[in-house]
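The chain contents come next:
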Amino acid sequence: MPYPLHIEGLEKAFASQLVLGPINLGLEAGAITAIIGRSGSGKTTLLRCLGGLEESSAGTITIGDGKVTARDIGYVFQEPRLMPWLSVAKNAGFGLADLPKPARAQAIAEALEVVGLSDAGALLPKQLSGGMAQRVALARALAPHPKLILLDEPFSALDPFTREQMQDHLLHLHAYYGATMVLITHDMDEALALAHRVIVLDGPPGRIIGDFSPDLPHPADRTSVPFFNWKRRLTDLFSHRRREPERADAG
Amino acid sequence: MAERHIPRWVVGFAVPVLLLGIWQAASGAGLVSAAILPSPLLVINTLAAMAQSGEMAQAIGATAYRMALGFALGAGAATILGGLCGASALARALLDPLIQALRSVPSLAWVPLFILWLGIFEASKITLVAVGVFFPVYLNLVSGIANVDRKLLEVGRVHGFSPLRRLLRIQLPAALPAYVVGLRGGLGLGWMFVAAAELLGATDGLGFILDDGEQTGRPERVLAALLLFGLCGKLTDWALAAAGRQLVSWQDIAKA
């Protein structure tokens, strides 16, 4: 079962400078939530707090029933961060050391198949293109079957063609693994094309200035009028930035 | 351009061969005394005689034995202590200042103590080689581990790695290129120290031939031993470099 996520009064300060919060947010299990915002809006800090890479300064994060292990959470960074000395298959299985060998091999094969790299298992990271490397990073995060997957601008370093392919991949593997996903992005198209819910952060300190549930189909038709209208709405939010959270339910 | 078609290793031989020719000509013409600089031919004949009598194999065997044991001990201790200090901040705080302080002692200055403690025979020589090998390996391994990309360490954190697993699966493999550099540096120092140890008192080995050649006024034996030292050093370094290249073939670097 995918995990719901509850954030209460979360704050993060670096050297007594508040960069994030307070954040109050509840995320539905199994949904894709996009968190968008400008650089410095605290979105990456928020994700790093969720993934345990930063200690929060105040507040609580409750993931699922609260008894979560590292294997229940997958994390995809902005860069692939593959171990250069390991093959693609071993990188994909990097978080599976606790599994017995047959189960591990099976989970690796499954994850590589979902990201479309079944034939690349023996390659070294230096032989991969940027898009392939990021797909291996996705496979590594997915292989342990996490119940929550955190993605930090995972496609921002890719060219536009590869990026759209990767977005399709992400929808496909969301359907396959059914995990709760939190996707950090600064790309409104990406947020609207993938997410069931879009949270808008602005700062510093990063606070929620918008919370939308666009009723767009997935994958969304990026040339459709509703898609365009939603994009307009998000853009407007930034151009006359409002402090009060806006809640909307219709597109 | 003509030089493009000549392999580089051939070009590298040009100057040594030229010098050898001048040397042989000068010796043949009696320009230098054979008591100071014997002719290349005499050195080659000396080598051939040493090979025939079995003295060469015996000397290389004795030196290589000290070298191998000393290298294994020094590199082994450096690997264990370097891994420990690289992985654990506590171990580093406890041990690294002491090791750094010991490093400031010129390694040859240990000789009298080693002889007093371990005697004049094998143990003190092997220990001296081990001390020489230890520091480059230790320093490179510790700095290799310390300089591992934070971004890779975070991958371990999101997977909930323990410190030991982080060491084995991220830090040590990532430090491997630096470690190989340390091993090669240690090997070079090891040869230096085995020569020193044998010069200071040995009854066999290449260093003994050096010393014996000096004592008995036979420079051709000194030159022959020098040549063998150079050859052994070069061959072992080449083998270690080749093995190292295999270990770090995953590195995405420009070919030399």
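Worth saying up front: this structure is predicted, and the values here are computed from it rather than measured.

### Quick notes on the confidence of the model for chain B
Residues and elements named next belong to chain B.
At step 1: Scored by pLDDT, chain B has a mean of 90; 97% of the residues are at 70 or more.
At step 2: Mean pLDDT values for the elements of chain B range from 87 in helix α1 (residues 8-28) up to 94 in helix α3 (residues 55-87).
At step 3: Across the interfaces of the predicted complex, the ipTM metric reaches 0.85, alongside a pTM of 0.81.

### What about the layout of surface pockets?
Once rolled over the atoms, a probe with the size of a water molecule shows which space is left empty.
At step 1: Considering only enclosed or pocket space, the second largest pocket measures out at about 300 Å³ in volume.
At step 2: Elements supplying a minimum of two residues to the lining of the second largest pocket: α1 (43-50), β4 (58-63) and β5 (73-76) of chain A together with α7 (150-158) of chain B.
At step 3: Looking at which element gives the most residues to the lining of the second largest pocket, the answer is β4(A), with 4 residues.

### Quick look at the pairing of strand β8 (residues 197-202) of chain A
On a regular strand, each side chain points to the face opposite its neighbour's, so the side chains alternate between the two faces of the sheet.
Residue and element names in this part refer to chain A.
At step 1: Within β8, 6 of the 6 residues are buried, which leaves the element mostly enclosed by the surrounding structure.
At step 2: Side chains Arg 197, Ile 199 and Leu 201 project from β8 onto one buried face, and the interleaved Val 198, Val 200 and Asp 202 project onto a second face that is buried too.
At step 3: Taken together, the 5 bridges between strand β3 (residues 32-37) and β8 define a ladder with parallel strand orientation. Bridge pairing in β8 links Ile 35 to Ile 199.
At step 4: Turn length for the β8-strand β9 (residues 207-212) hairpin, with the two strands adjacent in sequence and antiparallel, is 4 residues.

### Overview of the pattern of salt bridges
Pairs can form between side chains of opposite charge once their charged atoms are near each other.
Residues and elements named next belong to chain A.
At step 1: Summed over all chains, the structure comprises 22 salt bridges over all chains.
At step 2: Arg 197 serves as the salt-bridge partner of Glu 28, at 3.2 Å between the closest nitrogen and oxygen. Residue Glu 28 is found in the loop between β2 (17-27) and β3, and its partner Arg 197 is found in strand β8; the two are separated by 169 residues along the sequence.
At step 3: For Glu 28, a relative accessible area of 39% gives the class partly exposed.
At step 4: Measuring nitrogen to oxygen at the nearest pair gives 3.5 Å for the salt bridge that ties Asp 72 to Lys 147. Here the residue Asp 72 occupies a position in the loop between β4 and β5, and Lys 147 occupies one in the loop between α4 (130-142) and β6 (148-152), the gap between them amounting to 75 residues.

### Digging into the side chain of Asn91(A)
Residue and element names in this part refer to chain A.
At step 1: Tracing the sequence through the fold places Asn 91 in helix α2 (residues 88-92).
At step 2: A polar contact of 3.0 Å, which involves the side chain of Asn 91, links it to the backbone oxygen of Leu 86.
At step 3: Those residues within four positions of Asn 91 in sequence are excluded, and the remaining contacts are Leu 82, Met 83, Leu 86, Pro 125, Val 136 and Arg 140.

### A few points about unusual backbone geometry
Residue and element names in this part refer to chain A.
At step 1: For Ser 16, which is not glycine, the phi torsion reads 60° and is therefore positive.
At step 2: Considering the arrangement of structural elements, one finds Ser 16 in the loop between β1 (5-14) and β2.
At step 3: Within the chain, Glu 153 stands out as a residue other than glycine whose phi angle is a positive 40°.
At step 4: Looking at the element boundaries, Glu 153 is found in the loop between β6 and α5 (160-177).
At step 5: The exposure class assigned to Glu 153 is buried, which follows from its relative accessible area of 8%.

### A word on the sheet that holds β1(A)
All names here are of chain A.
At step 1: Strand order in this open sheet of 3 strands is β2-β1-β4, and the pairing throughout is antiparallel. What marks the edges here is a single partner per strand, and that holds for β2 and β4. Each adjacent strand pair in this sheet contributes to an overall mean axis angle of 20°, direction not counted.
At step 2: Along the sheet, α1 makes contact with β1, β2 and β4, crossing β1 at roughly 115°.

Definitions and limits used
- Residues numbered from 1 in each chain as written.
- Chains lettered and ligands numbered in written order.
- Predicted model: local features only at pLDDT ≥ 70, side-chain atom pairs only at ≥ 80, totals over all residues.
- Heavy atoms only, no water.
- pLDDT = per-residue confidence, 0-100.
- Helix = DSSP H or I, 4+ residues; strand = E, 2+ residues; numbered from the N terminus.
- 1 Å grid on protein atoms, 1.4 Å probe; cavity = no way out; pocket = protein on both sides within 12 Å on 5 of 7 lines; lining within 4 Å.
- Points joined across faces, edges and corners; volume = space filled by probe spheres on them.
- Buried < 20%, exposed > 50% of the residue type's maximum accessible area, 1.4 Å probe, protein only.
- Pairing = 2+ DSSP bridges.
- Salt bridge = Lys/Arg side-chain N within 4 Å of Asp/Glu carboxyl O.
- Polar contact = N/O pair within 3.5 Å; in protein donor to acceptor, adjacent residues only side chain to side chain.
- Contact = heavy atoms within 4.5 Å.
- Axes fitted to C-alpha atoms, helices over the stretch in contact; angles between N-to-C directions.

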